[in-house]
Amino acid sequence: MVDIVLLFLTLAGQVRAKFTCKSDGHFGDENDCTKFYHCANGRAMGGFCPAGLLWNQATQQCDWPSMTDCDFTIEKAKQLQVESPTILYLTFDDGPNLGTTELLDALKAHNIRATFFINDDNLEITEKRNETQVLENANNLVRIVAEGHMVADHSYDHMKHNSDGPKDAYQDISNDISYFGPRNAAPALYLLKKAGFEEATINFVNYTLNYFVRMPYSNNWRVGLDNGRAISADCLECTVPASSSRKAVKIADVLAKEYGVQVFGWDMEWSMNFNTNRIKYGGTPMFMRLGTGAHSKQKGKIVLLCHDIAFRPHEITGSLSAQEELLEFLDLAKNAGYQFKTLDTYYMDEPQTQSV
Ligand SMILES: *[C@@H]1O[C@H](CO)[C@@H](O)[C@H](O)[C@H]1NC(C)=O
Ligand SMILES: *[C@@H]1O[C@H](CO)[C@@H](O)[C@H](O)[C@H]1NC(C)=O
Ligand SMILES: [Zn+2]
């Protein structure tokens, strides 16, 4: 076990973290047993324990859950109730693609509506995307709308015209901006018209696809700028290199100020390993991490970032599939009293005290 753990610790994708180092070594996160920090020369790098393992405070390493004093057991989780009224905005990025079918089935089973930040190049056949996949993606876009979810804009191609990853994702503001809005909306609207949706539905999708954006790679917020409770925030260190991130900030400004777009980042993330496209921990730990949105952009509201592709069929903990992990998460969150909404009403929403 120790060997495996040490190997994982060195391999885990570590990012610079906000953690005060008292000495060098490895330390768990007080509020989150899935997380740990590696301190060296006073600097902290944060990482997650591999899927299925949690931080053991006693031995200071990732370990089997039964060996830790962490409360992430399904029995404990089932008894938890959210402490104050909290709205959960589930958002799924980069689809429709692999995993969207499984994800839609899970949401349908719980009758929960979510927001999908889509890239319409998923409807295009390329070397990486065959006709079968494209047809499934198109079918799923129809399902997303038919099943009452919200579709929003994540740019036509996820900035792939510049770069395959976050590095240099943004290069030319006036060119990059043309990949948002009408360019991303047109293929979706064409498809939905062909599928026979009513004009009112098409118009609503046209509205949400043009006025609700999430920037690929970059956590930027421009919400309600014409109002007293405006949210404007950027996370420069969220994109590498920072020059790319600085351009994302400028694009978010133009979208908000010139086009009246609401730009949504995220408060929390169901973290995923982007090399393997797997979630880093299961549904119960994700649920245990949620909290009440005290540190969110707006109190009592949590915008949770997830990715469709993480829920494609594959084993993550040896016993549950990723879809089963999602079902478990939805079940726990619903049972705990979280309210679910889509981002089109974010600004007006007020968390409701529910009558029991
Ligand atoms: C098409 O792509 C999917 C997803 O990558 C793959 O599972 C499937 O085998 C491919 N089908 C054909 C006919 O090549
Ligand atoms: C979408 O809305 C824009 C105006 O915001 C309009 O110009 C365009 O024709 C609409 N597209 C469709 C397909 O309805
Ligand atoms: Zn994305």
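Residues numbered from 1 in each chain as written. Chains lettered and ligands numbered in written order. Predicted model: local features only at pLDDT ≥ 70, side-chain atom pairs only at ≥ 80, totals over all residues. Heavy atoms only, no water.

The protein chain goes by Chitin-binding type-2 domain-containing protein in an unreviewed UniProt entry, where it is assigned to Tigriopus californicus.

Draft legend 1. Spotlight on the overall build of the protein chain. When helices and strands are counted, the protein chain shows 10 helices and 18 strands. Here the C-alpha radius of gyration of the protein chain, 20 Å, is about what a compact globule of 356 residues would show, namely 21 Å. Counting only C-alpha atoms, the protein chain reaches 60 × 50 × 50 Å along its principal axes. Within the protein chain, the fraction of its 356 residues that count as buried is 51%. Taking the intrachain contacts of the protein chain between residues at least 6 apart in sequence as the baseline, contacts between residues at least 24 apart amount to 71%. Of the roughly 17100 Å² of accessible surface on the protein chain, 52% is carried by carbon and sulfur atoms. Positive and negative side-chain charges of the protein chain, numbering 33 and 45 respectively, have mean locations separated by a distance of 4 Å. (Helix = DSSP H or I, 4+ residues; strand = E, 2+ residues; numbered from the N terminus. Rg over C-alpha atoms; globule rule 2.2 N^0.38 Å. Buried < 20%, exposed > 50% of the residue type's maximum accessible area, 1.4 Å probe, protein only. Contact = heavy atoms within 4.5 Å. Areas by Shrake-Rupley, 256 points an atom, 1.4 Å probe, with all protein chains shown as cover. Lys, Arg positive; Asp, Glu negative; His and termini not counted. Charge placed at Lys NZ, Arg CZ, Asp CG, Glu CD.)

Draft legend 2. Region of the structure containing the UniProt feature "domain: NodB homology" (unreviewed entry) in the protein chain. Under the UniProt annotation, "domain: NodB homology" (unreviewed entry) lies at residues 86-180. Summarising residues 86-180: 34% helix, 18% strand, and an end-to-end C-alpha distance of 31 Å. (UniProt positions renumbered as here; feature names shortened; annotations may be inferred.)

Draft legend 3. Region of the structure containing the domain arrangement of the protein chain. Domains assigned within the protein chain are domain 1 (4-71) and domain 2 (87-345). When each unit is reduced to the centre of its C-alpha atoms, the spacing between domain 1 and domain 2 is 28 Å. (Domains from an automatic or database assignment.)

Draft legend 4. Here's a closer look at the state of the cysteines. A complete count under the given rule lists 3 disulfides for this structure. One disulfide bridge connects cysteine 21 with cysteine 39, the sulfur atoms lying 2.1 Å from each other. What sets the handedness of the cysteine 21 and cysteine 39 disulfide is the S-S torsion sign, and at about -85° it is left-handed. Remark: cysteine 39 occurs in strand S3 (residues 32-40) and cysteine 21 occurs in the loop between strand S1 (15-16) and strand S2 (25-29); sequence separation between them is 18 residues. Of the two residues, cysteine 21 and cysteine 39, neither departs from the other in class, the shared state being buried. One disulfide bridge connects cysteine 49 with cysteine 62, the sulfur atoms lying 2.2 Å from each other. Every disulfide takes its handedness from the sign of the S-S torsion; for cysteine 49 and cysteine 62 that torsion is -80°, giving left-handed. Of this pair, cysteine 49 sits in the loop between strand S4 (43-48) and strand S5 (54-56) while cysteine 62 is found in strand S6 (residues 61-63), placing the two residues 13 residues apart along the sequence. The residues cysteine 49 and cysteine 62 share a single accessibility class, namely buried. (Disulfide = S-S within 2.5 Å.)

Draft legend 5. Structural context of the packing of helix H3 (residues 100-110) against helix H10 (residues 322-335). At a minimum axis separation of 10 Å, H3 and H10 run at an interaxial angle of 30°. Put simply, H3 runs roughly parallel to H10. Here H3 runs over H10; the crossing is right-handed. Across from Glu102, Leu103, Asp105, Ala106, Leu107, Ala109 and His110 in H3, the residues of H10 making contact are Gln323, Leu326, Leu327, Leu330, Asp331 and Lys334. Broken down by class, the residue content of the contact of H3 with H10 amounts to 7 nonpolar, 2 polar and 4 charged. (Axes fitted to C-alpha atoms, helices over the stretch in contact; angles between N-to-C directions. Parallel < 35°, antiparallel > 145°, perpendicular 65-115°, else oblique. Left-handed = near helix turned anticlockwise from the far one by under 90°. Nonpolar A, V, L, I, M, F, W, Y, C, P; charged D, E, K, R; others polar.)

Draft legend 6. Examining the coordination of the zinc ion (ligand 3) more closely. Within the first shell, the zinc ion (ligand 3) binds the protein through Asp94 (OD), His154 (NE2) and His158 (NE2), at distances of 2.1 to 2.2 Å. Within one chain, the residues serving as donors to the zinc ion (ligand 3) are arranged as D-x59-H-x3-H. Within this pair, whereas aspartate 94 is found in strand S7 (residues 87-95), its partner histidine 154 is found in the loop between strand S9 (150-153) and helix H5 (173-177), the two being separated by 60 residues in sequence. Accessibility assignment for this pair places aspartate 94 and histidine 154 in one class, buried. (Donors = N, O, S within 2.8 Å, 3.2 Å for Na, K, Ca; no water.)

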